[in-house]
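# Fold and contact review
One letter stands for each residue in the lines below.
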Amino acid sequence: MNTAPDPVTVSPSSRLRVNEIFHSLQGEARTVGIPTVFIRLTGCPLRCGYCDTSYAFSEGHWQTIDDIMDEVRSLGARYVTLTGGEPLAQRECRPLLNRLCDAGYRVSLETSGALDIADIDPRVSIVMDLKTPGSGEESRNRYENIALLRADDQVKFVIRDRADYDWSGEQLRQHRLADKVEVLFSPVHGVLAAGTLADWILADRLPVRLQVQLHKLLWGEARGR
């Protein structure tokens, strides 16, 4: 039985439900290793089998955009990542992204790829998943989003096994993703060895970046790191 919430959460004006805000090293994507402020929003319409942030499905508290901006400023990083859950499940996500960009931050958005990415501030770098069969949520992929991606964006495949890898390679070719954006192949931590995935990528000469989750190598499953 699917108990996932509705895709869009209607929040009070100028407020978002925030799970946590913290300062850490970016563990994934193009800016890996750079000190970054993470804003993790509450709620997600998906239930991926490998999800490592299920606590963000419902835990959180309401904050105004002004309060969020003050907290981000106090943490002192130039880079900010909006993540979840699924950030786009809250209507005020886009106004928050606009405010962060206006304040001069280098902003990225991590999104599942299941919701519309139209009208996101062009100053934001989008890191969008395409959900593999092993996630259990392949049917939720919104392939229309691919045409909306820009050169500074990235597409991420989280890969559990060889079947996921083969499926991801087919999507790479079918949608000519490497001609549009940077493509990330990431093994499910503790399930698929990074070395195994690296060998597959090299054997097939795929134009992708192998991504491991740096924060998990440094701090394991600790929250807020």
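Placed above this text is the structure.
Now for a description of the structure that goes with this document. (Residues numbered from 1 in each chain as written. Predicted model: local features only at pLDDT ≥ 70, side-chain atom pairs only at ≥ 80, totals over all residues. Heavy atoms only, no water.)

## A short note on the environment of G104
Rules: The secondary structure listing takes helices from DSSP runs of H or I that are at least 4 residues long and strands from runs of E that are at least 2 residues long, numbered from the N terminus. Type-normalised accessible area, obtained with a 1.4 Å probe on protein chains alone, sets the label of each residue: buried when under 20%, exposed when over 50%, and partly exposed for intermediate values.
Turning to its location among the elements, G104 is positioned in the loop between α2 (93–102) and β5 (106–111). A relative accessible area of 37% places G104 in the partly exposed class. Note: C-alpha distance between G104 and G33 (71 residues apart in sequence) is 20 Å.

## What about the pairing of strand β8 (residues 182–187)?
Threshold: For two strands to be treated as a pair, DSSP must find no fewer than two bridges joining them. Looking down the strands as they point away from you, a crossover is right-handed if its path from the first strand over the helix to the second goes clockwise.
For β8, the buried fraction is high: 6 of the 6 residues fall into the buried class. Judged by which residues are buried, β8 turns out to be covered on both faces: E182, L184 and S186 on one side and V183, F185 and P187 on the other are all buried. Sheet topology note: the strand β7 (residues 154–159)/β8 ladder contains 6 bridges and is parallel. The residue of β8 that forms the bridge with V158 is S186. As for the winding sense of the linkage, the β-α-β connection from β7 through helix α3 (residues 162–174) to β8 is right-handed. Bridging between β8 and strand β9 (residues 209–210) involves 2 bridges; their strand directions are parallel.

## Some points on α2
Inclusion rule: Read the arc as the range of directions from the helix axis to the C-beta atoms. The criterion used for residue contact is that any of the two residues' heavy atoms lie within 4.5 Å.
Among the residues of α2, C93, L96, L97, L100 and C101 are the ones counted as buried. In a view along the axis of α2, the buried residues occupy a sector of 135°, so they form one face of it. For α2, the elements touching its buried residues are β1 (15–25), β2 (35–41), α1 (65–75), β4 (79–83) and β5. With its phi angle positive at about 95°, G104 sits one or two positions after the end of α2.

## Re the pattern of salt bridges
Once their charged atoms are close, side chains differing in charge can pair, the charge on each being opposite to the other. The test is simple: Salt bridges are defined by distance alone: a side-chain nitrogen of Lys or Arg within 4 Å of a carboxyl oxygen of Asp or Glu.
Per the stated rule, a full pass over the model turns up 19 salt bridges. In this structure, D70 engages R73 in a salt bridge whose closest nitrogen and oxygen atoms are separated by 2.8 Å. In this pair, D70 and R73 both sit in helix α1, 3 residues apart, roughly one turn of the helix. One network of salt bridges, in which partners are shared, links E28, D129, K131 and K156.

## Considering the environment of G113
Tracing the sequence through the fold places G113 in the loop between β5 and β6 (125–129). Relative accessible area serves as the criterion here: at 0%, G113 is assigned to the buried category. Spatially, the C-alpha atom of G113 lies 18 Å from that of V188, the residues being 75 residues apart in sequence. With near-sequence residues (within four places) excluded, G113 lies in contact with E86, M128, D129, R140, N141, R142 and N145.

## Observations concerning the layout of surface pockets
Put simply, the test is: Here a cavity denotes a set of grid points, spaced 1 Å apart and computed over the protein atoms alone, in which a 1.4 Å probe fits but from which it cannot get out, and a pocket denotes an open set meeting protein on both sides within 12 Å along at least five of seven lines; residues with an atom within 4 Å of a point are reported as lining. Grid points are joined across faces, edges and corners, and a volume is the space filled by probe spheres set on the points. For this scheme, ten residues count as nonpolar: Ala, Val, Leu, Ile, Met, Phe, Trp, Tyr, Cys and Pro. Four count as charged, namely Asp, Glu, Lys and Arg, and the remainder, Gly too, count as polar.
Put simply, the largest pocket is a space of about 870 Å³. E28, R40, D52, T53 and Q213 are the residues nearest the centre of the largest pocket, which is lined by 42 residues in total. When residues of the lining of the largest pocket are traced back to their parent elements, those giving at least two are β1, β2, β5, β7, β8 and α5 (214–219). Of the residues contributing to the lining of the largest pocket, the split by class is 15 nonpolar, 14 polar and 13 charged. What the second largest pocket holds in volume is close to 240 Å³. Lining the second largest pocket are 17 residues, and of these T31, R106, V107, S108 and S125 sit closest to its centre. Among the secondary structure elements, those contributing two or more residues to the lining of the second largest pocket are β4, β5 and β6. Examining the composition of the lining of the second largest pocket, we find that 4 residues originate from one element, β5, more than from any other.

None of the figures reported here should be taken as evidence of function without further support.
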